[in-house]
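# Commentary on secondary and tertiary structure
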Amino acid sequence: MSKHKSRDLLHRYDGNPIIELEDIPFKCNTVFNAAATKYNGEYLLLLRVENLQGRSVFVLAHSPDGYEFKVDDFPVMWPVEEGPMAVYETHGIEDPRITLMDGVYYIMYTAFGELGPTVALATTTDFKSFERHGLINMPASKNAALFPRKIGGRYCRFARPASDGGGSIWVSYSKDLKYWGDHQVVMAPRAGHWDCTRIGAGAPPIETDQGWLEIYHGVKDTSAGPIYRLGAVLLDLDDPSKVLGRSLIPVLMPRELYERIGDIGNVVFSCGVIPEDDGTLKVYYGAADTCICLSIGRIDDLIESCSPS
Ligand code: BMA
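Here, residues in each chain are numbered from 1, in the same order as that chain's written sequence. Given that the model is predicted, a residue must reach a pLDDT of at least 70 before its local features are reported, and side-chain atom pairs must reach 80 or more before they are shown or counted; all residues, however, enter totals for whole chains, interfaces and linings. Side-chain measures here rest on the full set of heavy atoms in the structure, leaving out hydrogens and waters.

## Overview of the overall build of the protein
Selection criterion: A helix here means a DSSP run of H or I that spans at least four residues, while a strand means a run of E at least two residues long, and both kinds are numbered starting from the N terminus. Only the C-alpha atoms count toward the radius of gyration. The rule for a globule is 2.2 Å times the residue count to the power 0.38. In what follows, residue pairs with any heavy atoms lying within 4.5 Å of each other are defined as contacts. In this description, accessible areas are obtained by the Shrake-Rupley approach with a 1.4 Å probe, and a residue is regarded as covered only by the protein chains that are shown. Just so you know, the count uses Lys and Arg for positive and Asp and Glu for negative, and it drops His and the chain ends. A charged residue contributes its charge at one atom only: NZ of Lys, CZ of Arg, CG of Asp or CD of Glu.
For the protein, the helix and strand inventory stands at two helices and 23 strands. A compact globule built from 309 residues should have a C-alpha radius of gyration of about 19 Å, and the protein, at 18 Å, falls within 12% of that. Taking as baseline every contact in the protein between residues at least 6 positions apart, the subset at least 24 positions apart corresponds to 49%. Element-wise, carbon and sulfur atoms account for 51% of the exposed surface of the protein, whose accessible area totals about 13,100 Å². Taken as two groups, the 30 positive and 41 negative side-chain charges of the protein have centres that lie 4 Å from each other.

Structure follows, in structure tokens:
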């Protein structure tokens, strides 16, 4: 059993890590940072798998219960190698986030090329064929996630434009998912806190009676390198640039060896959450950029952890 099971608001699943390198049926370097959704009665994770060359591709994993996953034999998405998009994905495709709206699964992901990281959109309705819609921002930008419904008649998304090694969470709006504008900052790193260097959105936000609940990551640079932790934030339903509350302390922080040691140690990083009917939230997260783990919290507790700002 996890020694640290009850120390954080998000409780680690005893069977962590739930997906490791050995579970991937082909040769690769690491598996981490998965998008999560439900499809046809199954839990699906869209895994970021880094190949031996060091470029990431996306691979599906399926589960009947959200705990035990079986990984597909082949990737479903990989960097484009020809055409106008190729130059933007030469280093790989990373950190997908999935949003379901009207039967379409929207995947926002980081397209990493020679010009830096930026964010792109793909869609699928069956998880067999995937349509690419190109870039939806310019470099340097990461951590894009689409809200699960329109706000004021427009699509809304998070993204994290980078600035001097830092970065804040922004929202932007679009009528067609292609042209984005009305950019507004949601929140910035907080001096003197665990999220003082840069922050970024995790999975698409969950709609609750009290606001949009978002599990985000916060980075603190230390003399031993960055530490990535997870926090919670509650945003106004009609205007998500308004922060109603933000957790003063992390809801999950690296404590277990599988979070401390790996390709990049001291990292917990989430791109996928699943709210359940019993009021709990399954938070899937990459640990130390080396494996996939699961933690579970009560949605009410996570909302309560967001202190008024
Ligand atoms: C971020 C992203 C994530 C990664 C994290 C920790 O910038 O690139 O994919 O998990 O760094 O290395």
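Further notes follow.
## Here's the deal with the site of the ligand
The cut-off we apply is this: What makes a residue near a molecule or strand is one non-hydrogen atom of that residue sitting within 4 Å of it. Under the rule applied, a polar contact is a pair of N or O atoms within 3.5 Å (in protein, one hydrogen donor and one hydrogen acceptor; residues adjacent in sequence only if both atoms are side-chain atoms). All residues other than Ala, Val, Leu, Ile, Met, Phe, Trp, Tyr, Cys, Pro, Asp, Glu, Lys and Arg, Gly among them, are scored as polar; the first ten of these are nonpolar and the last four charged.
As a structural note, the neighbourhood of the ligand is formed by Asn33, Arg48, Asp95, Lys142, Tyr228, Ile264, Val267, Phe269 and Asp289. Between the ligand and the protein, one listed contact pairs an oxygen atom with a side-chain N or O atom of arginine 48 at 2.8 Å. Taking tyrosine 228, its side chain carries an N or O atom lying 3.0 Å from an oxygen atom of the ligand. Of the residues contributing to the shell around the ligand, the split by class is four nonpolar, one polar and four charged.

## Digging into empty space enclosed by the protein
Sizing a probe to match a water molecule and rolling it over the atoms shows the empty space that remains. This is how it is decided: Only protein atoms enter the 1 Å grid used here, on which a cavity is any set of points holding a 1.4 Å probe that cannot leave and a pocket is any open set flanked by protein within 12 Å on both sides along at least five of seven lines; residues with an atom within 4 Å of a point are listed as lining. Grid points are joined across faces, edges and corners, and a volume is the space filled by probe spheres set on the points.
A full pass over the atoms with the stated rule returns one cavity of 30 Å³ or more. The calculated volume of the largest cavity comes to roughly 30 Å³. Around the largest cavity sit Ala203, Pro204, Pro205, Ile206, Leu213, Glu214, Ile215, Val273 and Leu281, which together line it. The greatest single-element share of the lining of the largest cavity, amounting to three residues, is contributed by strand E17 (residues 211-222). In terms of residue class, the lining of the largest cavity is made up of eight nonpolar, no polar and one charged.

## Focus on the nonpolar core
Note the cut-off: Residues enter a nonpolar core if they are buried and are Ala, Val, Leu, Ile, Met, Phe, Trp, Tyr or Cys, with the set joined through side-chain atoms within 4.5 Å. Only protein chains enter the accessibility calculation, which uses a 1.4 Å probe; a residue whose area is less than 20% of its type maximum is buried, one above 50% is exposed, and one in between is partly exposed.
Counting residues in hydrophobic clusters, the biggest one holds 23 residues, and the most contacted among them are Leu10, Leu213, Leu230, Leu281, Tyr285 and Leu302. Counting residues per element, the ones that place at least two in this core are E17, strand E18 (225-235), strand E20 (268-275), strand E21 (280-287), strand E22 (291-298) and helix H2 (299-304). The element best represented in this core is E21, accounting for four residues. Beyond its immediate sequence surroundings of up to four residues, leucine 230 is in contact with Leu10, Trp194, Ile215, Tyr216, His217, Pro250, Val251, Leu252, Val268, Phe269, Ser270 and Val283. Ile24, Phe69, Ile274 and Ile296 belong to the second-largest nonpolar core, a separate cluster that totals 21 residues.

## A few points about the pattern of salt bridges
Put simply, the test is: Take a side-chain nitrogen of Lys or Arg and a carboxyl oxygen of Asp or Glu: if they are within 4 Å of each other, that pair is a salt bridge.
Per the stated rule, a full pass over the model turns up 13 salt bridges. The partner of glutamate 89 in a salt bridge is arginine 132, with the nearest N and O atoms 2.6 Å apart. Placement of the pair is glutamate 89 in the loop between strand E5 (70-71) and strand E6 (92-101) and arginine 132 in strand E9 (residues 131-135), with a sequence separation of 43 residues. On the basis of relative accessibility, which here comes to 0%, the residue glutamate 89 falls in the buried class. A salt bridge links arginine 190 to aspartate 195; the shortest N-O distance between them is 2.9 Å.

## What to know about the state of the cysteines
Under the convention used in this document: Two cysteine sulfur atoms make up a disulfide if the distance between them is within 2.5 Å.
Enumeration over the complete set of coordinates arrives at zero disulfides. Summary of cysteine pairing: cysteine 28 is not part of a disulfide, and the nearest cysteine sulfur, belonging to cysteine 291, is at 13 Å. As a non-bridged cysteine, cysteine 156 has cysteine 306 as the owner of its nearest cysteine sulfur, 17 Å distant.

## Topic: the sheet that holds E21
Stated formally: The criterion for strand pairing is that DSSP finds at least two bridges linking the strands in question.
Here we have four strands laid out as an open sheet, ordered E1-E22-E21-E20, and antiparallel in their pairing. Single-partner strands in this sheet number two, and they are strand E1 (11-12) and E20.

## As for the environment of methionine 187
By secondary structure assignment, the location of methionine 187 is in strand E14 (residues 181-187). You can call methionine 187 buried: its relative accessible area is 5%. Sequence spacing of methionine 187 and alanine 111 is 76 residues, and the spatial spacing of their C-alpha atoms is 24 Å. Discounting residues that sit within four places of it in the chain, methionine 187 has contacts with Ser168, Ile169, Ile199, Tyr216, Val233, Val243 and Arg246.

## Observations concerning the packing of aromatic side chains
The criterion, for reference: Here is the rule: rings of Phe, Tyr and Trp (six-membered ring for Trp) pair when centre to centre is within 6.5 Å. Planes less than 30 degrees apart are stacked, more than 60 are edge-to-face, and the remainder are tilted. Charges are assigned to positions over rings by a cutoff of 6 Å between ring centre and Lys NZ or Arg CZ, combined with an angular limit of 35 degrees from the ring normal.
In the structure shown here, the tally under the stated rule is eleven aromatic pairs. Through a chain of ring-to-ring contacts, the aromatic side chains of Tyr39, Tyr105, Phe127 and Phe130 assemble into a single cluster. It is lysine 150 that lies over the ring of tyrosine 155; its NZ or CZ is 4.7 Å from the centre. Across the ring face of tryptophan 180, the terminal group of arginine 157 is positioned such that the distance to the ring centre comes to 4.7 Å.

## Considering unusual backbone geometry
Trans peptide bonds make up the majority, and among non-glycine residues the majority have a negative phi. With an omega of -15°, the peptide bond running from asparagine 16 to proline 17 counts as cis. Relative to the helices and strands, proline 17 resides in the loop between E1 and strand E2 (30-39). Along the chain, proline 139 connects to alanine 140 via a cis peptide bond; the corresponding omega equals -5°. Tracing the backbone shows alanine 140 in the loop between E9 and strand E10 (141-146). Within the chain, asparagine 33 stands out as a residue other than glycine whose phi angle is a positive 45°. Within the secondary structure, asparagine 33 is located in strand E2. Among the residues examined, asparagine 33 registers a relative accessible area of 2% and is labelled buried.

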